[in-house]
Amino acid sequence: MTRPLLAAAVVLGLAAACSPAGDPVTFTNPVYDKNFPDPGVLKVGDTWFAYGTNDAVDNVPLLTSTDLVHWTPRNDVLPTVGAWATAGNTWAPEVLKTDAGKYVLYYTARWSKADRQCIGTAVADDPHGPFEPAPEPLVCQADEGGSIDASPYRHDDGQLYLYWKNDGNHIGRPTHLYAQRLSPDGLAVTGDRVRLLTNDKPWQGAVIEAPEMVRHDGKLYLFYSADAFDSDRYAVGYATCDSPLGPCHDAPENPILESSAGAAGPGHCYPVTVPDGSTWLLYHAWPPDGIGSVAPGRQMWLDRLDWAGGRPVVHGPTTGPQPAPATG
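Predicted model only: the values in this text are computed from it and were never measured.

Draft legend 1. Broad picture of the sheet that holds strand β22 (residues 311-314). Spatially, the four strands line up as an open sheet ordered β19-β20-β21-β22, and their pairing is antiparallel. Where the open sheet ends on each side, the last strands, each with one partner, are β19 (264-273) and β22. Across the sheet, the axes of successive neighbouring strands diverge by a mean angle of 35°, strand direction being ignored. As defined by bridge partners, strand β21 (residues 299-308) adjoins β22 across four bridges and the pair is classed as antiparallel. Pairing of Asp-306 across the sheet is with Val-313, part of β22.

Printed below as a string of structure tokens:
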């Protein structure tokens, strides 16, 4: 999804939203205190849409917000998964709006034929759905353990790309972050597939996943998460990339977001830019005493992301009151 991060972050006190009386509006994490893993975010008009991994009821649950702080549960946007898949393991959805005005949902589900998690697509005329799934998967690297965590990105020249991770840890093999061009309608991958990163750093453990490409001040940054999602070792790192298809260079200061006294295993992040140009990071995290739980599970958090000398710096996980983003 297009995420051009247009300006250096504004000093937090100046970027804060204000109440009608002129007082700064504050919030305290988590911004959604129920289970909502792997948030993928899209802004349409004045509304933010957050799509999450399946729960006991919905294949793809939806939250909406006008301020990134107060979130309202909505409908299941994918009532039926594709004919290629079985329901119950619908992970890490993200949505792209195409130039034709259609909305394409990228989701992970279990491919019955190969018993692997694979990436599928579905299309809707409205970001609320319902999305109509394609009959076949889009990407499925069965010999590499499967394919998960698809993330679309629109470059400044209009070209679409898809990023994802092979599910190598599922079969005891290395994990890689991949990239490939997308067709203009977002429904087919084209051209050569390239590997951008591999889990070869100690802090990454057996897994790198959840790629998110963003552009800031003309430079490309690939955010990702690493290590076991159901542990306090799960954390966020980034790489700089020479082009949307790499090569990418892992940052030496990684990880840039990791567990704290108030949040365990923060990850699967999604950077967003608000109208004043400041950058914020939505992500999920466990309560430290609830790692692996279904309730409350992985809650949704929001923290400020600054840019210091071309490096992203996350101010989190925070647990105290802080000024809210200036989304108006």
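Back to the write-up after that little detour.
Draft legend 2. Quick peek at the packing of aromatic side chains. Counted by the stated rule, this structure contains 10 aromatic pairs. Ring geometry for Trp-164 against Tyr-178: centres 5.7 Å apart, planes inclined by 15°, an arrangement best described as stacked. On the criterion of sequence distance, the pair formed by Trp-164 in strand β12 (residues 160-166) and Tyr-178 in strand β13 (residues 176-182) is long-range, its members being 14 residues apart. On the basis of relative accessible area, Trp-164 is assigned to the buried category, the value being 0%. The class for Tyr-178 is buried, based on a relative accessible area of 4%. A network of ring pairs unites the aromatic residues Tyr-221, Phe-223, Tyr-238 and Trp-307 as a single cluster. Across from the ring centre of Tyr-32, 6.0 Å away, lies the NZ or CZ of Lys-34, which sits over that ring.

Draft legend 3. View of the nonpolar core. Core analysis: the largest hydrophobic core is formed by 20 residues, its most contacted members being Tyr-51, Leu-78, Trp-84, Val-95, Leu-105, Tyr-107 and Phe-131. Where this core is concerned, the elements lending two or more residues are β4 (47-51), β7 (85-97), β8 (103-111) and β9 (116-124).

Draft legend 4. Quick peek at the sheet that holds strand β11 (residues 147-154). Across the sheet, which stays open at both edges, the four strands sit in the order β11-β12-β13-β14 with antiparallel pairing between neighbours. With one partner strand each, in any of the chains shown, β11 and β14 (189-198) form the two edges of the open sheet. Ignoring strand direction, the axes of neighbouring strands in this sheet form an average angle of 25°. Sheet topology places β13 next to β14; six bridges connect them, and they run antiparallel. Its bridge partner being in β14, His-176 is matched across the sheet by Thr-198.

Draft legend 5. Focus on the side chain of Gln-180. Its place among the elements puts Gln-180 in strand β13. For Gln-180, a relative accessible area of 6% translates into the label buried. Only 3.0 Å separates the side chain of Gln-180 from the side chain of Arg-193, close enough to count as a polar contact. Not counting the four nearest positions on each side in its chain, Gln-180 is found in contact with Tyr-161, Leu-162, Trp-164, Val-189, Thr-190, Gly-191, Asp-192, Arg-193 and Leu-245.

Draft legend 6. Quick peek at the environment of Val-314. By the secondary structure assignment, Val-314 is in strand β22. Considered as a pair, Val-314 and Asp-303 are 11 residues apart in the sequence and their alpha carbons are 7.0 Å apart. Among residues more than four places away in sequence, those in contact with Val-314 are Ile-256, Leu-257, Leu-281, Asp-303, Arg-304 and Leu-305.

Draft legend 7. Representation of the pairing of strand β16 (residues 219-226) in the model. Judged by how many residues are buried, β16 sits mostly within the fold: seven of eight residues are covered. Relative to β16, strand β15 (residues 208-216) runs antiparallel, the two sharing seven bridges. Residue pairing across strands places Met-213 opposite Leu-222, the latter belonging to β16. Taking the residues that link successive antiparallel strands as the turn, the β15-β16 hairpin has two residues, and the phi of Asp-217 there is positive, at about 50°. Here seven bridges tie β16 to strand β17 (residues 235-241), and the two strands are oriented antiparallel to one another. Along β17, the bridge assignment pairs Ala-226 with Ala-235.

Cut-offs used in this document
- Positions within a chain are numbered from 1, following the residues in the order the chain's sequence is written.
- Since the coordinates come from a predicted model, pLDDT governs what is reported: local features require at least 70, and pairs of side-chain atoms require 80 or more to be given and counted, while whole-chain, interface and lining totals use all residues.
- The basis for every side-chain value is the complete set of non-hydrogen atoms in the structure, without hydrogens or water.
- We treat two strands as partners when DSSP finds at least two bridges between them.
- The numbering of helices and of strands both runs from the N terminus, where a helix is a DSSP run of H or I of at least 4 residues and a strand a run of E of at least 2.
- Simply put, an axis is a line fit to the C-alpha atoms, just over the touching stretch for a helix, and the angle between two N-to-C directions goes from 0 to 180 degrees.
- Aromatic rings from Phe, Tyr and Trp, with only the six-membered ring used for Trp, were paired whenever their centres fell within 6.5 Å, and each pair was classed as stacked if the ring planes differed by under 30 degrees, edge-to-face if by over 60, and tilted otherwise.
- Categorising residues by exposure relies on relative accessible area from a 1.4 Å probe, with only protein chains included: less than 20% of the type maximum marks a residue as buried, more than 50% marks it as exposed, and the intermediate range marks it as partly exposed.
- A positively charged side chain is recorded as over a ring if its NZ (Lys) or CZ (Arg) lies within 6 Å of the ring centre. The angle to the ring normal must also be within 35 degrees.
- Buried residues of nine kinds, namely Ala, Val, Leu, Ile, Met, Phe, Trp, Tyr and Cys, make up a nonpolar core once their side-chain atoms join them within 4.5 Å.
- Under this definition, polar contacts are N or O atom pairs within 3.5 Å; protein pairs additionally need one hydrogen-donor-capable and one acceptor-capable atom, and for neighbouring residues in sequence, both atoms have to be side-chain atoms.
- The contact criterion used throughout is that any non-hydrogen atoms of two residues lie within 4.5 Å.

These values are about where atoms sit, not about what they do.
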